[in-house]
Amino acid sequence: MSSAERHPLPDLTRADVGIVKVGTWDTGAPDRQRRTVDAVRAAWGSRPWPHAGLLSYTVCTGEDGRTLLHYSQWSSEDAYQDFMRNGRDARDADIDAAVPGVERLGPDTFELYRSANRKDGAPRPGCIVTVDIRFDGPDPARQRDWVDTVFEALDSDPVPAPGRISAHFHAGTDGTRVLNYAEWETARAHVDALAAAGDGVGSPTPQWRRVRNHTGPTSSTVRRWTPALGFAPGERWNRAAGD
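Read on for a plain summary of the structure. (Residues numbered from 1 in each chain as written. Predicted model: local features only at pLDDT ≥ 70, side-chain atom pairs only at ≥ 80, totals over all residues. Heavy atoms only, no water.)

Attention now goes to the environment of Asp-108. Looking at the element boundaries, Asp-108 is found in strand 4 (residues 103–116). Take Asp-108: its relative accessible area is 33%, and that puts it in the partly exposed class. Residues within four places of Asp-108 in sequence aside, it is in contact with Val-20, Lys-21, Val-22 and Arg-177. (Helix = DSSP H or I, 4+ residues; strand = E, 2+ residues; numbered from the N terminus. Buried < 20%, exposed > 50% of the residue type's maximum accessible area, 1.4 Å probe, protein only. Contact = heavy atoms within 4.5 Å.)

Dropping the structure here:
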């Protein structure tokens, strides 16, 4: 079994998380995507934990064969800024030397707002789906009202999507974005749910129509990812089979 198949996943609802940083890297091609994952594994697995305020760091590979999703949990923005000023080391330099030319986008800053948690006995997620909702201007109250409307739709849906394990809605600290980080059993389960619903995941109910007609959102970007690497203080989460 490969390290990707034994992936760890972060505890998305842990109480000590102050902020979440989410970024993407564009590696350019499938072979470079694989090499970048290997370079991240080597750079992080060979060094001490870089900062007490970093609580977890997870990397997922994009279904497009070129992108990587980076999801990190921090105790606070101050901790992240201190890391950027004083705690950075040679990790990025090693990665750049192994795979030159990787384009880094972000990271952007979010706070977890609401979660639909996995039930006891749910299978381990094989797919992460991110839904990036952009709003027409900064309005934190509207962000949260939109998420609350989504939860009304989820809670009243007569035919919940098979294969959906959990959903975690993050509010962008700039007031203009909501990011849903959703866990699914498989990528096929998400594809089938989209096809069954006909207009995004969700039954054709009045509650889901209110979500889709809500004022503010201007775009929605859906991406599927496969968990690849995870790191936490004091743990070697990225071990391969037999380690």
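In a structure, side chains of opposite charge can pair up when their charged atoms sit close to one another. According to the stated counting rule, one finds 16 salt bridges in the structure shown. Of the charged contacts, one joins Asp-132 and Arg-134 as a salt bridge, the two residues approaching to 3.1 Å between their closest N and O atoms. Several salt bridges converge on common partners, so that one network encompasses Asp-108, Asp-132, Arg-134 and Arg-177. (Salt bridge = Lys/Arg side-chain N within 4 Å of Asp/Glu carboxyl O.)

The next subject is the environment of Pro-125. With respect to the element layout, Pro-125 can be found in the loop between strand 4 and strand 5 (127–135). Each C-alpha atom of the pair Pro-125 and Ala-182 lies 9.3 Å from the other, and the pair is 57 residues apart in sequence.

The subject of this paragraph is the pairing of strand 6 (residues 164–172). Within strand 6, 8 of the 9 residues are buried, which leaves it mostly tucked inside the rest of the structure. Looking at chain direction, strand 6 and strand 7 (residues 177–184) are connected through 7 bridges and run antiparallel. Bridging across to strand 7, His-168 finds its partner in Tyr-181. Hairpin connection, strand 6 to strand 7: the antiparallel pair is bridged by 4 residues, and Gly-175 has positive phi, about 80 degrees. (Pairing = 2+ DSSP bridges.)

Once that is clear, we can look at the packing of helix 1 (residues 30–45) against helix 3 (residues 91–98). Two elements in contact, helix 1 and helix 3, have axes whose closest approach is 9 Å; the angle formed by their N-to-C orientations is 150 degrees. Comparing the axis directions of helix 1 and helix 3 gives the class roughly antiparallel. Our pair here, helix 1 against helix 3, has a crossing hand that is right-handed. In this structure, helix 1 uses Arg-35, Thr-36, Ala-39, Val-40, Ala-43 and Trp-44 to contact helix 3, whose residues at the interface are Arg-91, Asp-94, Ile-95 and Ala-98. (Axes fitted to C-alpha atoms, helices over the stretch in contact; angles between N-to-C directions. Parallel < 35°, antiparallel > 145°, perpendicular 65-115°, else oblique. Left-handed = near helix turned anticlockwise from the far one by under 90°.)

A few words now on the side chain of Thr-109. As for its position among the elements, Thr-109 is in strand 4. A polar atom in the side chain of Thr-109 sits 2.5 Å from the side chain of Lys-21. Residues in contact with Thr-109, not counting those within four places in the same chain, are Ile-19, Val-20, Lys-21, Glu-77, Ala-171, Gly-172 and Thr-173. (Polar contact = N/O pair within 3.5 Å; in protein donor to acceptor, adjacent residues only side chain to side chain.)

What follows is about the packing of aromatic side chains. Two aromatic rings, taken as a pair, are described by how far apart their centres are and by the angle between their planes. For the structure on display, the rule yields 10 aromatic pairs. Between Trp-44 and Phe-231, the aromatic rings sit 5.5 Å apart at their centres with planes inclined by 35 degrees, giving tilted as the arrangement. Placement of Trp-44 in helix 1 and of Phe-231 in strand 8 (residues 217–231) is noted, with a sequence separation of 187 residues between them. Like Phe-231, Trp-44 is buried. Judged by centre distance (5.2 Å) and plane angle (85 degrees), the rings of Trp-74 and Tyr-80 are edge-to-face. Considered together, Trp-74 and Tyr-80 belong to a single accessibility category, that of buried residues. Among the aromatic side chains, those forming a connected cluster through ring pairs are Trp-44, Trp-49, Tyr-57 and Phe-231. Between the NZ or CZ atom of Arg-104 and the centre of the ring of Trp-25, over which it lies, the distance is 4.3 Å. Lying over the aromatic face of Phe-151, Arg-114 brings its terminal NZ or CZ to 4.1 Å of the ring centre. (Phe/Tyr/Trp six-rings, centres within 6.5 Å; stacked < 30°, edge-to-face > 60°. Lys NZ or Arg CZ within 6 Å of the ring centre and 35° of its normal.)

Another point: the sheet that holds strand 2 (residues 54–62). Strands sit in the order 1-3-2-8-5-7-6-4 around a closed barrel of 8 strands; the barrel is antiparallel. Strand-to-strand, the axes of this sheet are offset by a mean angle of 35 degrees, without reference to chain direction. Direction of pairing for strand 2 relative to strand 8: antiparallel, over a ladder of 6 bridges. Directly across from Thr-58, in strand 8, lies its bridge partner Gly-230. Together, strand 1 (19–26), strand 2, strand 3 (67–74) and strand 8 form the strand contacts of helix 1, whose direction differs from that of strand 8 by roughly 55 degrees. Against the sheet, helix 4 (residues 140–156) touches strand 4, strand 5, strand 6, strand 7 and strand 8, its axis set at about 60 degrees to strand 4.

Here the second largest pocket is characterised by a volume of approximately 510 Å³. Forming the boundary of the second largest pocket are 23 residues, of which Trp-25, Tyr-80, Phe-83, Asp-92 and Pro-107 lie nearest the centre. Listed by contribution, the elements that provide at least two residues to the lining of the second largest pocket are strand 1, strand 2, strand 3, helix 2 (77–87), helix 3 and strand 4. With 5 residues, strand 1 is the single largest residue contributor to the lining of the second largest pocket. Each residue belonging to the lining of the second largest pocket can be placed in one class, and the counts come to 12 nonpolar, 5 polar and 6 charged. (1 Å grid on protein atoms, 1.4 Å probe; cavity = no way out; pocket = protein on both sides within 12 Å on 5 of 7 lines; lining within 4 Å. Points joined across faces, edges and corners; volume = space filled by probe spheres on them. Nonpolar A, V, L, I, M, F, W, Y, C, P; charged D, E, K, R; others polar.)

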